[in-house]
Amino acid sequence: MARPSRTGGKKSEAKARNASPAKGRKTTKTKPRTAPAAARVKRRSVSDPIKDLKEAREQQAATAEILKVIASSPSNVQPVFEAIASSANRLLGGFSTAVFRFLDDTVHLAAFTPVSRAADAALQADFPRPVDAFEAFRLAQQGKPFPIPDTEEIPHAPIKEIARLHGFRSMLFVPLMSNGVPIGVVSITRATTGSFAEHHVQLMQTFADQAVIAIENVRLFNETQEALKHQIATSEVLQVIGRSMTDTQPVFERILDSTERLLDCRQVSIFLAPGDGLLHVAARRGTGYEAIDKVYPLPIEQTSAPRVLGERRQVYLPDVMNGADVPSSIRRVVQVFGNFSVVITPMIWEGQGIGLISVLREPNAAFTPKELSLLRTFADHRP
């Protein structure tokens, strides 16, 4: 009987080993096939640029649209705030977006995107409020964006409670900076946790910068309009002076007209001190004069005239009821009017004090430096 070939036997054993690999031995024949890394990167690069380009175009369109709103609203910043809140919330997939302003140590809600009737009412009811009670004001002092990836992970309890109440989990605050000072903040929230992409933070910064531009534009516009009104009023007084060289009453009436129109006051009066020891009411406008008419003419020593005319300078009392240096004659008026603020401006003619212009506001509302300057100008314009 013929013996089997050794060569054939070895080949058969080799085939068997190849067909059934030993346990634990690695094999590449059963490993799932995957595309090379270069191919995978290439496939991603085909879709991402398209998505990025679309998003970039949307952001550019939004910022351009806000610039148009700024240009079309030189005297009103509200449309700009509303456009910023709406665009930011849409482009960043926000749960809600709000714009806040810091004015006189108070936080004001300037604009927001609606969530629900109850949530919106709760948000509006929280403002205005003191800046010390608003955590975003403290964060804004850093002058840079402040993200909160997870509201449950922060130690500040009020923000955590607000997030739970309204239903969001992450936030981003971006301050509105003007000359290094925070004048407001834009906030956006999301329903999910997670960091904000860098390009989204940059977009929010752009929106914040646009808000500052809008605020500054409105301020400059209003200042220009105010200066123009003051110039017109001054010109009108000078015209009346030119026509009334021997009669002061038309000049006084024109001064009162302009003051009442420009300064939003309760009372404006012109008093004269003709040298008879009494202070006389020469002209007046406003309400509540019945009590004053009963006592004037009044001995000049019982009024603020000696102080104002003696010092020959304007006296501004921003809080008559609580002020430390308020003449008793003025403080007594509080019993009639309640608290108020008053500006008393001397009228000087050839080195002599001839009278006063008194302007009263209530409740003790402040006068701006430009308003004080306008009153000094009126006092200098006498026939």
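Up top is the structure.
The sections below set out a description of the structure shown in this document. All values derive from a computational prediction rather than experimental measurement.

**Structural notes on the sheet that holds strand S12 (residues 352–361)**
At step 1: Ordered by their spatial adjacency, six strands build an open sheet running S9-S8-S7-S12-S11-S10, and the pairing between neighbours is antiparallel. Looking at the sheet topology across the chains shown, the edges are occupied by strand S9 (298–299) and strand S10 (315–317).
At step 2: Of the strand pairs in this sheet, strand S7 (residues 267–272) and S12 are connected by six bridges, and their pairing is antiparallel. By the bridge assignment for S12, Ile270 is matched with Ile357.
At step 3: Contacting S10, strand S11 (341–349) and S12, helix H13 (residues 369–380) runs over the sheet at an angle of about 30° to S11.

**Observations regarding the pattern of salt bridges**
At step 1: All told, the structure shown has 13 salt bridges when counted by the stated rule.
At step 2: In this structure, the salt-bridge partner of Asp150 is Arg169, at a minimum N-O distance of 2.8 Å. Here Asp150, found in the loop between strand S4 (146–148) and helix H6 (157–166), pairs with Arg169, found in the loop between H6 and strand S5 (170–178); they are 19 residues apart in sequence, far enough to count as distant.
At step 3: Residue class for Asp150 comes out buried when judged on its relative accessible area of 17%.
At step 4: Across the pair Glu152 and Arg164 runs a salt bridge whose closest N-O atoms are separated by 2.8 Å. With Glu152 in the loop between S4 and H6 and Arg164 in helix H6, this pair connects stretches of sequence that are 12 residues apart.
At step 5: Using a relative accessible area of 54% as the deciding quantity, one classes Arg164 as exposed.

The rules behind the values
Residues numbered from 1 in each chain as written. Predicted model: local features only at pLDDT ≥ 70, side-chain atom pairs only at ≥ 80, totals over all residues. Heavy atoms only, no water. Pairing = 2+ DSSP bridges. Helix = DSSP H or I, 4+ residues; strand = E, 2+ residues; numbered from the N terminus. Contact = heavy atoms within 4.5 Å. Axes fitted to C-alpha atoms, helices over the stretch in contact; angles between N-to-C directions. Salt bridge = Lys/Arg side-chain N within 4 Å of Asp/Glu carboxyl O. Buried < 20%, exposed > 50% of the residue type's maximum accessible area, 1.4 Å probe, protein only.

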